[in-house]
Amino acid sequence: MVRGARQPQQPRSRLAPRLTGTVEKPPRKRKSRTEFALKEIMSSGGAEDDIPQGERKTVTDFCYLLDKSKQLFNGLRDLPQYGQKQWQSYFGRTFDVYTKLWKFQQQHRLRTSETSYLNEAFSFYSAIRQRSYYSQVNKEDRPELVVKKLRYYARFIVVCLLLNKMDVVKDLVKELSDEIEDYTHRFNTEDQVEWNLVLQEVAAFIEADPVMVLNDDNTIVITSNRLAETGAPLLEQGMIVGQLSLADALIIGNCNNQVKFSELTVDMFRMLQALEREPMNLASQMNKPGMQESADKPTRRENPHKYLLYKPTFSQLYTFLAASFKELPANSVLLIYLSATGVFPTGRADSEGPYDFGGVLTNSNRDIINGDAIHKRNQSHKEMHCLHPGDLYPFTRKPLFIIVDSSNSVAYKNFTNLFGQPLVCLLSPTAYPKALQDQSQRGSLFTLFLNNPLMAFLFVSGLSSMRRGLWEKCQEYLRKINRDIAQLLTHSRSIDQAFLQFFGDEFLRLLLTRFIFCSATMRMHKIFRETRNYPESYPQLPRDETVENPHLQKHILELASILDVRNVFLESTIDDY
């Protein structure tokens, strides 16, 4: 997966790791980093079976060029400092290798969103930890080596978060805390506060979920929210839906004061997980009874490519959007997820066009010189640091699936489909009931419904913990609800065909069914009584056939009964609107 634009001006620790980048080299032992990394990656049990031979060669070639470039660069230090021509040939060779490395990275970007690459990184970092490569660092009076060790821990934590290895994350956080305490005690450096900020960020991040699932011994169960093999409701035989597939996703986070780690907010992380498949070991699948070597060999399931953009400027966002649009394959869908602060119109407009309803905020730090002065002088001008619905019009020339989680999400229901391509916008509530405990810093309720609908249902029902057995029972019932929602959508006679065009893709099908479950739940809840408390969509869904369907409402009440929280929901909802 590819990390988006980095904003150094944001209030984040400069010590926190980026989401991608080269792995820092541990103190050198007998083997080179390349030999060690390849040995660990290629010898890991399931990883080798999941990685095609061509991609393994790409990794090998990249590591070779990387090591070669570093060797030549380090060799430049040994050249004599006198004379004028001795260095030219060495410099030329070094420059040529770096050029090859740069071109190689451009041609072979691992923009695959395949979790196998994260597993490789996990194997590499785990080997460093198991072999205690940094064990001697604390005995030396060199703070730069300790910082290297701390950054290793921070990057390892990011990889474990993305792999949902929360048990390992908690161990690493404890070790990192001890290392930071020792570092601040031994060295009086300026970055002590920033390292403590890193620790606070990751501690808040792993505690963001509002509900705990507990084993019988009260240990916390680690739940996965990736798309499992049986996660999305299956299509009925003969069901007519589109053949589009989700290829690219832009995941954009620009919410103020939301818990984050590195350049990943809680909302971004949850949507990232919702667009990932549960890792599947192809070797183990081949050993299933009845699975033949040739015809029945399982096909590799691909994840959509993703760009993660944390607080991008408008120009950065548009650049990534245009690049993704350009590279989108035929019969594919581009998904845009916006988790951002709302920007509202400043006054009444003479017309109601795509730039008259506001939108969501983009980062203004790099473009602030003239923009604010103009805005203050003339309120009739549009906000230049806002992504307006009209800004997305050019990209509706291809199938586009938009999710907006914002206090001004409704600005995007004023779309016009100019080019006749499939277009759907799922829009969050613009406000939540005051009686609901404010959890905005720990992530949006709407995004939580799209990522983990059962956890969101428990939260709005006032539950903060649950035993594993009851959790699994409710998950099974929720799968039944999703199947029924899928039938409601496909059997509807008045639904806009855009929804069905996207329904052939597993990820989008699951997002649509979860959206309807979210909307139906909020409409039945006793404290969600204002229109702005409900999600909306473009095009509008036929409410009587979907979010207010009596059959679906009966299911929600039954789920509430299983949890013994039926008292927080309305019994006869349609009559009470």
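Right above here is the structure, for reference.
Here is a short report on the structure shown in this document. Every chain is numbered independently, its residues counted from 1 as its sequence is written. The predicted nature of this model means local features are confined to residues of pLDDT at least 70 and side-chain atom pairs, given and counted, to a pLDDT of 80 or more, with totals for whole chains, interfaces and linings taken over all residues. In computing side-chain properties, one takes all heavy atoms of the structure into account and sets aside hydrogens as well as water.

Our next topic: the nonpolar core. The set of buried Ala, Val, Leu, Ile, Met, Phe, Trp, Tyr and Cys residues whose side-chain atoms join them within 4.5 Å is what this entry labels a nonpolar core. Buried means the residue's accessible area, taken with a 1.4 Å probe over protein chains only, is under 20% of the maximum for its type, while exposed means over 50%, and partly exposed covers the values in between. Membership of the largest hydrophobic core comes to 123 residues, with the highest contact counts inside it found for Leu-335, Phe-401 and Ile-403. For helices the rule is a DSSP run of H or I covering at least 4 residues; for strands it is a run of E covering at least 2, with both sets numbered from the N terminus onward. A per-element tally of this core places helix 6 (residues 143–162) first, with 13 residues. Any two residues whose heavy atoms approach within 4.5 Å are treated as being in contact. With sequence-adjacent residues up to four places away left out, Leu-335 is seen in contact with Leu-246, Asp-248, Ala-249, Leu-250, Leu-275, Phe-401, Ile-403, Leu-508 and Leu-511. Within the second largest apolar cluster, 28 residues are counted, among which are Leu-334, Ile-336, Tyr-393 and Leu-427.

Counting buried positions along strand 12 (residues 423–427) yields 5 of 5 residues, so the element is predominantly enclosed. By definition, two strands form a pair when at least two bridges between them are found by DSSP. Summarising the sheet, strand 11 (residues 400–405) and strand 12 pair through 5 bridges and their orientation is parallel. Bridge assignment links Val-404 to a residue of strand 12, and that residue is Leu-427. Pairing of strand 12 with strand 14 (residues 536–538), which is carried by 3 bridges, proceeds in the antiparallel orientation. By the bridge assignment, Cys-425 is partnered in strand 14 with Tyr-538.

Moving on, we come to unusual backbone geometry. A cis amide bond links Tyr-538 to the next residue, Pro-539, at an omega of -10°. Tracing the chain through its elements places Pro-539 in the loop between strand 14 and helix 18 (550–562). Despite not being glycine, Asn-164 has its phi angle at roughly 60°, a positive value. Turning to its location among the elements, Asn-164 is positioned in the loop between helix 6 and helix 7 (166–186). What makes Asn-164 buried here is its relative accessible area of 15%. Positive phi, normally seen in glycine, also occurs at Asp-564, with a value near 60°. Along the chain, the position of Asp-564 falls in the loop between helix 18 and helix 19 (573–576).

On their own, these measurements won't tell you what the molecule is for.
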